[in-house]
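A structural walkthrough
One-letter residues, chain by chain:
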Amino acid sequence: MLAAPAWAQSEDVAVPAQAAADVVDTAAAAGPAPEQIHVVAQRPGPGLWKVSKGEHVLWVFGMYGPVPKDMQWRSHEVENVIRNSQEYLSAPSASANPGFFKSITLLPSLIGVRKNPDGATLRDVMPAEDYARWSTLKAKYLPENDDVERERPIFAAQVLSNAARKQAGLIDSHVLRKQVVELVKKAKLKETSSTFELPMDNARAVLKNFKKSTLGDAACLARTMATLEQDIEAASQRANAWAKGDLDAMRKLDFTTREEACFGALMNSAAFDAEPEFKNMKARAEAMWIASAERALEANASTFAMLRVDEIFDPKGVIAALAAKGYTVEQPD
(Lines give C-alpha, C1' and ligand atoms only; values in the text may rest on other atoms or scores of the structure.)
Protein backbone atom coordinates (compact mmCIF):
# COMPACT_ATOMS: atom_id res chain seq x y z
CA MET A 1 0.00 0.00 0.00
CA LEU A 2 2.82 2.39 0.90
CA ALA A 3 4.87 1.44 -2.15
CA ALA A 4 3.27 2.50 -5.42
CA PRO A 5 3.78 0.41 -8.58
CA ALA A 6 6.95 1.10 -10.50
CA TRP A 7 6.48 1.96 -14.15
CA ALA A 8 9.21 0.25 -16.17
CA GLN A 9 7.21 -2.40 -14.87
CA SER A 10 7.62 -1.28 -14.98
CA GLU A 11 12.14 -2.91 -16.82
CA ASP A 12 23.59 -1.25 -25.68
CA VAL A 13 26.63 1.50 -28.27
CA ALA A 14 25.51 -1.38 -30.50
CA VAL A 15 23.05 -0.88 -33.33
CA PRO A 16 19.61 -2.12 -32.10
CA ALA A 17 19.37 -4.65 -34.94
CA GLN A 18 22.50 -6.30 -33.61
CA ALA A 19 21.21 -6.79 -30.07
CA ALA A 20 21.20 -10.51 -29.38
CA ALA A 21 19.63 -12.71 -26.75
CA ASP A 22 20.23 -16.29 -25.81
CA VAL A 23 17.09 -17.66 -24.26
CA VAL A 24 16.53 -21.22 -23.13
CA ASP A 25 13.15 -21.95 -21.65
CA THR A 26 12.94 -25.17 -19.68
CA ALA A 27 9.94 -24.22 -17.57
CA ALA A 28 6.35 -25.26 -18.00
CA ALA A 29 4.34 -22.76 -19.98
CA ALA A 30 0.78 -23.95 -19.49
CA GLY A 31 -0.81 -27.34 -19.25
CA PRO A 32 0.83 -30.69 -18.54
CA ALA A 33 3.13 -30.67 -21.59
CA PRO A 34 5.61 -27.78 -21.22
CA GLU A 35 6.47 -25.93 -24.39
CA GLN A 36 10.17 -25.57 -25.11
CA ILE A 37 11.28 -22.14 -26.26
CA HIS A 38 14.75 -21.87 -27.69
CA VAL A 39 15.91 -18.61 -29.18
CA VAL A 40 19.36 -19.19 -30.61
CA ALA A 41 22.23 -16.71 -30.58
CA GLN A 42 22.31 -13.90 -33.14
CA ARG A 43 18.53 -13.48 -33.15
CA PRO A 44 17.51 -9.82 -32.87
CA GLY A 45 16.54 -10.27 -29.22
CA PRO A 46 14.25 -7.88 -27.35
CA GLY A 47 15.83 -4.96 -29.18
CA LEU A 48 16.66 -1.42 -28.21
CA TRP A 49 14.75 1.73 -28.98
CA LYS A 50 16.95 4.63 -30.00
CA VAL A 51 16.12 8.17 -28.89
CA SER A 52 18.59 10.68 -30.23
CA LYS A 53 19.49 14.33 -30.39
CA GLY A 54 22.31 14.89 -32.85
CA GLU A 55 25.13 12.52 -31.91
CA HIS A 56 23.77 11.89 -28.41
CA VAL A 57 21.77 8.71 -27.94
CA LEU A 58 19.45 7.28 -25.29
CA TRP A 59 19.12 3.50 -25.69
CA VAL A 60 15.92 2.09 -24.18
CA PHE A 61 15.63 -1.59 -23.39
CA GLY A 62 12.05 -2.90 -23.25
CA MET A 63 11.26 -5.40 -20.49
CA TYR A 64 8.35 -7.84 -20.60
CA GLY A 65 6.80 -10.32 -18.21
CA PRO A 66 5.73 -12.85 -17.13
CA VAL A 67 8.38 -15.22 -18.43
CA PRO A 68 9.07 -18.91 -17.80
CA LYS A 69 10.77 -19.39 -14.42
CA ASP A 70 13.93 -20.96 -15.80
CA MET A 71 14.40 -18.61 -18.73
CA GLN A 72 18.04 -17.57 -18.99
CA TRP A 73 18.72 -14.28 -20.75
CA ARG A 74 22.02 -12.76 -21.73
CA SER A 75 23.09 -10.30 -24.39
CA HIS A 76 26.66 -9.33 -25.16
CA GLU A 77 25.42 -6.40 -27.23
CA VAL A 78 23.33 -4.98 -24.40
CA GLU A 79 26.33 -5.39 -22.12
CA ASN A 80 28.44 -3.53 -24.66
CA VAL A 81 26.00 -0.62 -24.78
CA ILE A 82 25.93 -0.41 -21.00
CA ARG A 83 29.73 -0.55 -20.86
CA ASN A 84 29.99 2.33 -23.32
CA SER A 85 27.31 4.51 -21.73
CA GLN A 86 27.82 7.25 -19.17
CA GLU A 87 24.51 7.12 -17.32
CA TYR A 88 21.63 4.80 -16.44
CA LEU A 89 18.07 6.10 -16.02
CA SER A 90 16.00 3.96 -13.69
CA ALA A 91 12.30 3.56 -14.44
CA PRO A 92 9.79 6.19 -13.32
CA SER A 93 8.28 5.15 -10.00
CA ALA A 94 6.70 6.45 -6.83
CA SER A 95 7.38 5.50 -3.25
CA ALA A 96 6.52 6.46 0.28
CA ASN A 97 9.24 6.07 2.86
CA PRO A 98 8.24 7.67 6.13
CA GLY A 99 11.32 6.43 7.92
CA PHE A 100 11.77 3.62 10.43
CA PHE A 101 10.23 5.25 13.48
CA LYS A 102 7.29 6.66 11.54
CA SER A 103 6.72 3.21 10.08
CA ILE A 104 6.48 1.75 13.56
CA THR A 105 3.77 4.28 14.48
CA LEU A 106 1.83 3.41 11.34
CA LEU A 107 1.75 -0.33 11.97
CA PRO A 108 -1.59 -0.26 13.84
CA SER A 109 -3.13 1.67 10.94
CA LEU A 110 -1.86 -0.85 8.39
CA ILE A 111 -3.65 -3.75 10.08
CA GLY A 112 -6.66 -4.69 7.98
CA VAL A 113 -5.82 -2.40 5.06
CA ARG A 114 -6.28 -5.30 2.61
CA LYS A 115 -9.68 -6.28 4.00
CA ASN A 116 -13.10 -5.16 2.78
CA PRO A 117 -14.76 -2.55 5.02
CA ASP A 118 -17.25 -3.68 7.67
CA GLY A 119 -16.19 -7.33 7.49
CA ALA A 120 -17.60 -7.81 3.99
CA THR A 121 -16.52 -10.77 1.88
CA LEU A 122 -15.99 -11.08 -1.85
CA ARG A 123 -19.45 -12.62 -2.13
CA ASP A 124 -20.87 -9.41 -0.65
CA VAL A 125 -19.09 -6.98 -2.99
CA MET A 126 -19.12 -8.87 -6.30
CA PRO A 127 -21.96 -9.51 -8.78
CA ALA A 128 -23.26 -13.08 -8.48
CA GLU A 129 -21.99 -14.10 -11.92
CA ASP A 130 -18.49 -12.81 -11.18
CA TYR A 131 -18.44 -14.49 -7.79
CA ALA A 132 -19.37 -17.81 -9.37
CA ARG A 133 -16.39 -17.49 -11.72
CA TRP A 134 -14.20 -16.52 -8.78
CA SER A 135 -15.25 -19.63 -6.86
CA THR A 136 -14.24 -21.85 -9.78
CA LEU A 137 -10.84 -20.19 -10.19
CA LYS A 138 -10.21 -20.14 -6.44
CA ALA A 139 -10.83 -23.89 -6.24
CA LYS A 140 -8.27 -24.40 -9.01
CA TYR A 141 -5.53 -21.99 -7.95
CA LEU A 142 -6.16 -21.16 -4.27
CA PRO A 143 -7.86 -24.23 -2.80
CA GLU A 144 -6.42 -23.77 0.70
CA ASN A 145 -6.52 -19.97 0.93
CA ASP A 146 -9.78 -19.08 2.66
CA ASP A 147 -8.46 -15.76 4.00
CA VAL A 148 -8.54 -14.31 0.48
CA GLU A 149 -12.35 -14.27 0.66
CA ARG A 150 -12.19 -11.27 3.00
CA GLU A 151 -9.74 -9.27 0.90
CA ARG A 152 -10.70 -6.38 -1.34
CA PRO A 153 -11.15 -7.40 -4.98
CA ILE A 154 -7.99 -5.54 -6.07
CA PHE A 155 -5.85 -7.57 -3.64
CA ALA A 156 -7.70 -10.82 -4.39
CA ALA A 157 -6.92 -10.24 -8.07
CA GLN A 158 -3.22 -9.96 -7.27
CA VAL A 159 -3.24 -13.13 -5.15
CA LEU A 160 -5.10 -15.07 -7.86
CA SER A 161 -2.84 -13.88 -10.66
CA ASN A 162 0.32 -14.72 -8.72
CA ALA A 163 -0.96 -18.20 -7.85
CA ALA A 164 -1.92 -18.97 -11.46
CA ARG A 165 1.46 -17.82 -12.76
CA LYS A 166 3.32 -19.84 -10.15
CA GLN A 167 1.32 -22.96 -10.98
CA ALA A 168 2.21 -22.48 -14.66
CA GLY A 169 5.92 -22.00 -13.89
CA LEU A 170 5.92 -18.28 -14.70
CA ILE A 171 7.50 -15.34 -12.93
CA ASP A 172 7.48 -11.59 -13.39
CA SER A 173 10.26 -9.90 -15.31
CA HIS A 174 12.07 -8.71 -12.16
CA VAL A 175 14.62 -11.55 -12.44
CA LEU A 176 15.62 -10.43 -15.94
CA ARG A 177 15.59 -6.79 -14.86
CA LYS A 178 17.90 -7.66 -11.98
CA GLN A 179 20.41 -9.16 -14.42
CA VAL A 180 20.50 -5.96 -16.45
CA VAL A 181 20.83 -3.80 -13.34
CA GLU A 182 23.78 -5.92 -12.24
CA LEU A 183 25.46 -5.13 -15.58
CA VAL A 184 24.83 -1.44 -14.90
CA LYS A 185 26.42 -1.68 -11.46
CA LYS A 186 29.37 -3.61 -12.86
CA ALA A 187 29.96 -0.84 -15.40
CA LYS A 188 29.75 1.74 -12.58
CA LEU A 189 27.40 4.00 -14.52
CA LYS A 190 25.99 7.11 -12.96
CA GLU A 191 22.47 6.11 -11.87
CA THR A 192 19.69 8.68 -12.03
CA SER A 193 16.45 7.94 -10.22
CA SER A 194 13.05 9.24 -11.27
CA THR A 195 11.24 8.27 -8.10
CA PHE A 196 8.54 10.63 -6.90
CA GLU A 197 8.44 10.63 -3.10
CA LEU A 198 4.87 10.64 -1.88
CA PRO A 199 4.00 13.02 0.96
CA MET A 200 3.64 11.18 4.26
CA ASP A 201 2.64 14.01 6.60
CA ASN A 202 -0.95 12.79 6.61
CA ALA A 203 -0.26 9.09 6.14
CA ARG A 204 -2.31 7.89 9.12
CA ALA A 205 -5.40 9.76 7.90
CA VAL A 206 -4.94 8.42 4.36
CA LEU A 207 -4.76 4.84 5.64
CA LYS A 208 -7.77 5.36 7.87
CA ASN A 209 -9.79 6.69 4.93
CA PHE A 210 -8.60 3.86 2.71
CA LYS A 211 -9.73 1.16 5.13
CA LYS A 212 -13.27 2.50 5.33
CA SER A 213 -13.63 3.54 1.66
CA THR A 214 -15.34 1.56 -1.06
CA LEU A 215 -12.90 1.31 -3.97
CA GLY A 216 -15.27 0.16 -6.69
CA ASP A 217 -12.56 -2.33 -7.64
CA ALA A 218 -14.77 -5.30 -8.47
CA ALA A 219 -14.02 -4.50 -12.14
CA CYS A 220 -10.34 -5.14 -11.42
CA LEU A 221 -10.99 -8.69 -10.26
CA ALA A 222 -13.53 -9.28 -13.05
CA ARG A 223 -11.00 -8.20 -15.66
CA THR A 224 -8.28 -10.35 -14.09
CA MET A 225 -10.53 -13.41 -14.13
CA ALA A 226 -11.73 -12.78 -17.69
CA THR A 227 -8.22 -12.88 -19.14
CA LEU A 228 -6.33 -14.97 -16.59
CA GLU A 229 -6.21 -18.40 -18.21
CA GLN A 230 -5.98 -16.94 -21.71
CA ASP A 231 -2.97 -14.93 -20.62
CA ILE A 232 -1.36 -17.92 -18.92
CA GLU A 233 -1.79 -20.08 -22.03
CA ALA A 234 -0.29 -17.38 -24.24
CA ALA A 235 2.62 -16.58 -21.92
CA SER A 236 5.20 -18.70 -23.75
CA GLN A 237 4.27 -17.23 -27.13
CA ARG A 238 4.50 -13.74 -25.67
CA ALA A 239 7.88 -14.46 -24.09
CA ASN A 240 9.08 -15.84 -27.41
CA ALA A 241 7.87 -12.72 -29.25
CA TRP A 242 9.73 -10.55 -26.74
CA ALA A 243 12.94 -12.59 -26.98
CA LYS A 244 12.88 -12.49 -30.79
CA GLY A 245 12.07 -8.80 -30.90
CA ASP A 246 8.81 -9.45 -32.79
CA LEU A 247 7.30 -5.97 -32.52
CA ASP A 248 4.17 -6.81 -34.49
CA ALA A 249 3.32 -9.64 -32.09
CA MET A 250 4.07 -7.50 -29.04
CA ARG A 251 1.91 -4.63 -30.27
CA LYS A 252 -1.09 -6.98 -30.41
CA LEU A 253 -0.89 -7.77 -26.70
CA ASP A 254 -3.46 -6.19 -24.40
CA PHE A 255 -1.19 -4.42 -21.93
CA THR A 256 -3.29 -1.70 -20.38
CA THR A 257 -6.87 -2.80 -19.73
CA ARG A 258 -6.27 -4.76 -16.53
CA GLU A 259 -3.83 -2.19 -15.12
CA GLU A 260 -6.28 0.62 -15.80
CA ALA A 261 -9.12 -1.27 -14.09
CA CYS A 262 -7.01 -2.07 -11.03
CA PHE A 263 -4.74 0.92 -10.58
CA GLY A 264 -7.49 3.33 -11.62
CA ALA A 265 -9.85 1.93 -8.99
CA LEU A 266 -7.19 2.41 -6.34
CA MET A 267 -6.04 5.89 -7.23
CA ASN A 268 -9.49 7.30 -8.03
CA SER A 269 -11.02 6.18 -4.77
CA ALA A 270 -12.31 8.67 -2.21
CA ALA A 271 -9.54 7.55 0.14
CA PHE A 272 -7.12 9.85 -1.65
CA ASP A 273 -9.40 12.85 -2.22
CA ALA A 274 -7.52 14.83 0.42
CA GLU A 275 -4.13 13.84 -1.04
CA PRO A 276 -4.02 14.87 -4.73
CA GLU A 277 -0.33 14.00 -4.91
CA PHE A 278 -1.25 10.32 -4.56
CA LYS A 279 -3.60 10.52 -7.53
CA ASN A 280 -1.03 12.34 -9.66
CA MET A 281 1.98 10.23 -8.74
CA LYS A 282 2.26 8.37 -12.06
CA ALA A 283 2.24 11.63 -14.05
CA ARG A 284 4.71 13.24 -11.64
CA ALA A 285 7.13 10.30 -11.83
CA GLU A 286 6.94 10.24 -15.63
CA ALA A 287 7.58 14.00 -15.78
CA MET A 288 10.70 13.47 -13.66
CA TRP A 289 11.89 10.71 -16.01
CA ILE A 290 11.36 12.86 -19.12
CA ALA A 291 13.33 15.72 -17.53
CA SER A 292 16.14 13.30 -16.64
CA ALA A 293 16.15 11.89 -20.17
CA GLU A 294 16.46 15.38 -21.68
CA ARG A 295 19.36 16.26 -19.39
CA ALA A 296 21.07 12.98 -20.23
CA LEU A 297 20.63 13.50 -23.97
CA GLU A 298 22.20 16.92 -23.58
CA ALA A 299 25.17 15.76 -21.51
CA ASN A 300 26.00 12.19 -22.58
CA ALA A 301 27.14 10.56 -25.77
CA SER A 302 25.30 7.41 -24.68
CA THR A 303 22.69 6.80 -22.00
CA PHE A 304 20.99 3.52 -21.10
CA ALA A 305 17.46 3.12 -19.76
CA MET A 306 14.98 0.36 -19.11
CA LEU A 307 11.18 0.56 -19.49
CA ARG A 308 8.37 -1.96 -19.84
CA VAL A 309 7.45 -2.53 -23.47
CA ASP A 310 3.87 -1.43 -22.82
CA GLU A 311 5.18 1.93 -21.63
CA ILE A 312 7.29 2.25 -24.77
CA PHE A 313 4.27 1.51 -26.96
CA ASP A 314 1.96 3.82 -24.98
CA PRO A 315 0.92 6.74 -27.23
CA LYS A 316 0.73 8.89 -24.09
CA GLY A 317 3.89 7.49 -22.51
CA VAL A 318 7.35 8.91 -21.93
CA ILE A 319 8.82 7.85 -25.29
CA ALA A 320 5.91 9.43 -27.16
CA ALA A 321 6.45 12.57 -25.07
CA LEU A 322 10.10 12.76 -26.13
CA ALA A 323 9.08 12.32 -29.78
CA ALA A 324 6.57 15.16 -29.39
CA LYS A 325 9.39 17.35 -28.08
CA GLY A 326 11.32 16.84 -31.32
CA TYR A 327 13.68 14.01 -30.38
CA THR A 328 14.23 11.32 -33.00
CA VAL A 329 12.77 7.98 -31.95
CA GLU A 330 13.67 4.79 -33.85
CA GLN A 331 12.28 1.39 -33.01
CA PRO A 332 14.38 -1.79 -33.30
CA ASP A 333 14.61 -3.28 -36.79
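Here we take up the overall build of the chain. When helices and strands are tallied, the chain shows 14 helices and ten strands. Sorting the 333 residues of the chain into buried and exposed places 49% on the buried side. In the structure as shown, the chain presents an accessible area of about 16000 Å², 51% of it carried by carbon and sulfur atoms.

Attention shifts here to the packing of helix H1 (residues 76–83) against helix H6 (residues 174–187). Where H1 meets H6, the axes come as close as 9 Å, and the angle between the chain directions of the two elements is 40°. On the basis of their axis angle, the class for H1 and H6 is oblique. Crossing geometry of H1 relative to H6 is assigned as right-handed. The segment H1 lies against H6, with Glu-79, Ile-82 and Arg-83 engaging Val-180, Leu-183, Val-184, Lys-186 and Ala-187. Per-class residue counts for the contact of H1 with H6 are five nonpolar, no polar and three charged.

This next bit is on the nonpolar core. In terms of nonpolar packing, the biggest core is built from 44 residues, with Leu-58, Val-60, Phe-61, Trp-242, Trp-289 and Phe-304 touching the most fellow members. The element best represented in this core is strand E4 (residues 56–63), accounting for six residues. Among the nonpolar cores identified, the runner-up in size contains 25 residues, and Val-148, Val-159, Ala-168 and Cys-262 belong to it.

A separate point is the sheet that holds strand E8 (residues 190–197). Pairing is mixed in the open sheet, where six strands are placed in the order E8-E6-E9-E4-E3-E10. Edge positions in the open sheet fall to E8 and strand E10 (328–330), since each of these has one partner strand only. Averaged over all adjacent pairs, the angle separating strand axes in this sheet is 25°, with direction ignored. Relative to E10, strand E3 (residues 48–53) runs antiparallel, the two being bridged by three bridges. When the sheet's bridge partners are listed, Lys-50 is paired in E10 with Glu-330. The strands touched by H6 within the sheet are E4, strand E6 (87–95), E8 and strand E9 (302–308), with E9 carrying the most contacts at an inclination of about 165°. Lying over the sheet, helix H12 (residues 281–299) contacts E3, E4, E6, E8 and E9, oriented at roughly 170° with respect to E6.

What follows concerns the packing of aromatic side chains. Inspection of every chain in the model, using the stated rule, returns two aromatic pairs. Seen in terms of ring centroids, Trp-49 and Phe-313 are 5.9 Å apart; in terms of plane orientation they differ by 75°. Their pairing is edge-to-face. On the criterion of sequence distance, the pair formed by Trp-49 in strand E3 and Phe-313 in helix H13 (residues 309–313) is long-range, its members being 264 residues apart. Like Trp-49, the residue Phe-313 is buried in the burial classification.

Of note, Asp-118 is a non-glycine position whose phi angle comes to about 60°, a positive value. With respect to the secondary-structure elements, Asp-118 resides in the loop between helix H2 (100–110) and helix H3 (122–125). Unlike most non-glycine residues, Lys-188 shows phi in positive territory, near 60°. Judged by relative accessible area, Lys-188 falls into the exposed class, the value being 75%.

Our next topic: the pairing of E9. Burial analysis of E9 places seven of its seven residues in the buried class, the great majority of the element. Of the two faces of E9, the one holding Ser-302, Phe-304, Met-306 and Arg-308 and the one holding Thr-303, Ala-305 and Leu-307 are both buried throughout. Alignment of E4 against E9, held across seven bridges, turns out to be parallel. From the neighbouring strand, Leu-58 faces E9, where its bridge partner is Thr-303.

Summarising burial for E6: eight of the nine residues are buried, a large majority. Relative to E8, E6 runs parallel, the two being bridged by seven bridges. Residue pairing in the sheet places Ser-95 in a bridge with Glu-197 of E8. Pairing of E6 with E9, which is carried by three bridges, proceeds in the parallel orientation. Residue pairing for E9: Glu-87 is matched across the bridge by Thr-303.

Within the secondary structure, Ser-52 sits in strand E3. Since its relative accessible area comes to 9%, Ser-52 is described here as buried. Among residues more than four places away in sequence, those in contact with Ser-52 are Val-57, Leu-297, Tyr-327, Thr-328 and Glu-330.

What counts as what
Residues numbered from 1 in each chain as written. Predicted model: local features only at pLDDT ≥ 70, side-chain atom pairs only at ≥ 80, totals over all residues. Heavy atoms only, no water. Helix = DSSP H or I, 4+ residues; strand = E, 2+ residues; numbered from the N terminus. Buried < 20%, exposed > 50% of the residue type's maximum accessible area, 1.4 Å probe, protein only. Areas by Shrake-Rupley, 256 points an atom, 1.4 Å probe, with all protein chains shown as cover. Axes fitted to C-alpha atoms, helices over the stretch in contact; angles between N-to-C directions. Parallel < 35°, antiparallel > 145°, perpendicular 65-115°, else oblique. Left-handed = near helix turned anticlockwise from the far one by under 90°. Contact = heavy atoms within 4.5 Å. Nonpolar A, V, L, I, M, F, W, Y, C, P; charged D, E, K, R; others polar. Core = buried A, V, L, I, M, F, W, Y, C linked by side-chain atoms within 4.5 Å. Pairing = 2+ DSSP bridges. Phe/Tyr/Trp six-rings, centres within 6.5 Å; stacked < 30°, edge-to-face > 60°.

Don't take any of this as a statement about function, it's just geometry.
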